[in-house]
Each structure stands twice: as structure tokens, then as C-alpha cells.
Amino acid sequence: TADSATAQEILRRFRALPAARLALLRTAAELAPGAGCDLYWVGGGVRDLWLGASELDIDLVVDGEIEPFASCLAEALGGEVRRHPHFMTAEIAAPGNVRIDLARARTESYPAPASLPVVAPGTIERDLERRDFTINCLAIPLAPGFGERLIDPCHGLEDLAAQRLRTLHPDSFRDDPTRILRGLEFAARFGFELAPTTLAEVEAARAGGWLARLSPARLGEALRRALGRSASASRVLRRLRELRLLEAVDRSRVQSGGVREIGCHGRYPQLYAPSP
């Protein structure tokens, strides 16, 4: 549990959330005990409390069976549930264009490089430790103890303060190469730098050809997300070229994987020229 000044400031900002957002989280917290689970707000939304983003993702981790809680919350909000039982996740689309992502606290294992994970139930600590970067391994308990503390098992607060992106283990990009694209998008959007160890892991992933092992569908979706923000797309593309990652992926895959359809290929053709 984190008790630093940074953690206390994040909790202060949590308590000062807009009334509608705070009411939604409190509704979820009040339903959790009846569904037999503990509940946590995790990941990007908690991170963005510190970064000052105006739109905060609602990613909730359920420590217990996800199905009863998802059904109760959707009914309470007048929303609809889309379930993904293979991955122990669900999404709720609620009125007002509100989206809530739910996941059971879980562990992951990867049978092969760039494969989809095999998931199993786990604790909140193990769930946080399976994530991509330390800055996304933060959690605020909602039930029990609504917003009373912040959990930071991977020292993400230190990396937030240092404006640094750091993976959780050396095989992170081997397990899931889409994390590379996600990391470059975070770096471009937030103005962060990759930690030296993480930069070395990117180089190892390029040398190992891990990105090229992704299916065209997964690669295309990852590129679409990485290049989906007009304010940061050019910086992401430039960094991809600097790190020689565009050359690590078949060009036809890059072009069919979402770059053209979001308009970046035509806007930045010079970034696709061969590196000197």
C-alpha cells in the first residue's frame, strides 16, 4: 500500500471527481458485497488522476466471480453487458455513453511468444503484476474501503514522478509485443521516456522478430490504437522508425493493419522510407 505524498494527492483527486463519476463508482462499490466480491478501480484511470486527464477510463477489477457483479451493475445502471468468459472479462455499455470494463483478478501465462494469454483466477496483487508498465499497476479499492488507500506493488508512483515507462519483467514484450506500440503511444502522449532497461527490451524484441509473430488482426488493432490520436501520431511513427520497428514488420501488414484507414500513412509518407 502506498502512503507517499503522491498517493495522497491521487486519493484527494479521487474524492474530488465530478459528482456523476463518483456516484457511478460508489454504486459499483455498494453492489460488490452483495455479489460476493471485492472491487478495485485500476490502471489508466488511476494513473490519469495524477496526469490530470479530463476523461478517465473506468477499469474495474473484481476479486471474486465476475458474472453476478456484472449483471447487478448493468441492471443498476440500465446498461447492457458484453461478456468474454474465456478471458474473464466483460464490458458494460450504460446510458450517457458510459463504458465500464470489468475483469476478474487474474494471472496470465503465455504458451509462446506473441500468443494470446492463458488466464486463471488470482489476487489483486498478482493481477497488477501481470500488466504492461508500472504506471498502469495502480489500484484504488472501492469495496471494502471506498477510496481509502492506493495500492502500488510495482513502484509505479516513482515512475510517474520520473516521467518514465518501465516494464515489469524482461519478457514482457516477448509475451505481448503489442505492448511496444502501447508504450510508444504513452511516451508520445505523456511526454515520458522509456527506461534504459525497457529500451533494451525493445531492441531485444526487434532482434527476436516478436512483432512479426503477431497476427495481422492483432497488429492492425495495435497500430490503430497507437496512431489513433492525431496529436501524437506523428511522434509515434517517428519513434517507430528511429527504433527500426517499421522494418521489423512486413510492410503490407503495416499498410493493411490500420495505418491507411486512420489517415496516418498518407499524412506521413516520409516515415515509411527506408532508414539510412
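Numbering of residues begins from 1 in every chain and follows the order in which that chain's sequence is written. Selection of residues for local features in this predicted model requires a pLDDT of at least 70, selection of side-chain atom pairs for listing and counting requires 80 or more, and totals for whole chains, interfaces and linings are taken over all residues. Just so you know, side-chain values use all the structure's heavy atoms and leave hydrogens and water out.

Q: Can you walk me through the overall build of the protein chain in this structure?
A: In terms of regular secondary structure, the protein chain is built from 13 helices and ten strands. Buried residues in the protein chain amount to 51% of all 276 residues. It only takes one pair of heavy atoms within 4.5 Å for two residues to be counted as in contact. A sequence separation of at least 24 residues applies to 66% of the contacts in the protein chain between residues at least 6 apart. Working note: accessible area of the protein chain is about 12900 Å², and carbon and sulfur atoms make up 50% of it. Runs of E in the DSSP output that reach at least two residues are strands. Runs of H or I that reach at least four are helices, and both are numbered from the N terminus. Burial status follows relative accessibility: with a 1.4 Å probe on protein chains alone, a residue under 20% of its type maximum counts as buried, one over 50% as exposed, and anything between as partly exposed. Only the protein chains shown count as cover for residues, and the accessible areas themselves come from Shrake-Rupley with a 1.4 Å probe.

Q: In this structure, what is going on with the packing of aromatic side chains? I would like to understand it.
A: What characterises a pair of aromatic rings is the spacing of the ring centres plus the angle enclosed by the ring planes. For Phe, Tyr and Trp, where Trp contributes only its six-membered ring, two rings pair if their centres lie within 6.5 Å, and the inter-plane angle classes them as stacked under 30 degrees, edge-to-face over 60, or tilted in between. Applying the stated criterion across every chain, the model contains six aromatic pairs. Here the aromatic rings of Phe186 and Phe190 are separated by 5.7 Å at their centres, their planes lie at 10°, and the arrangement is stacked. Note that Phe186 and Phe190 are positioned in helix α8 (residues 178–190) at a spacing of four residues, about one turn of the helix. Phe190 sits in the buried class, given a relative accessible area of 18%.

Q: Honestly, the sheet that holds strand β4 (residues 89–94) in this entry has me stumped. Any pointers?
A: Strand-to-strand pairing in sheets goes through backbone hydrogen bonds, with the strands running parallel or antiparallel. The criterion for strand pairing is that DSSP finds at least two bridges linking the strands in question. The sheet built from six strands is open, its strands ordered β3-β4-β5-β2-β1-β8 with mixed pairing. In this open sheet, the two strands that pair with only one neighbour each are β3 (80–84) and β8 (139–143). Pairwise comparison of adjacent strand axes, ignoring direction, gives a mean angle of 25° for this sheet. Both strand β2 (residues 59–63) and strand β5 (residues 98–104) contribute to a ladder of four bridges, which runs parallel. Paired with Val61 across the strands is Ala103, a residue of β5. An axis is simply a line fitted to the C-alpha atoms; with a helix, the fit covers only the stretch in contact. Between two such axes, the angle follows the N-to-C directions and lies from 0 to 180 degrees.

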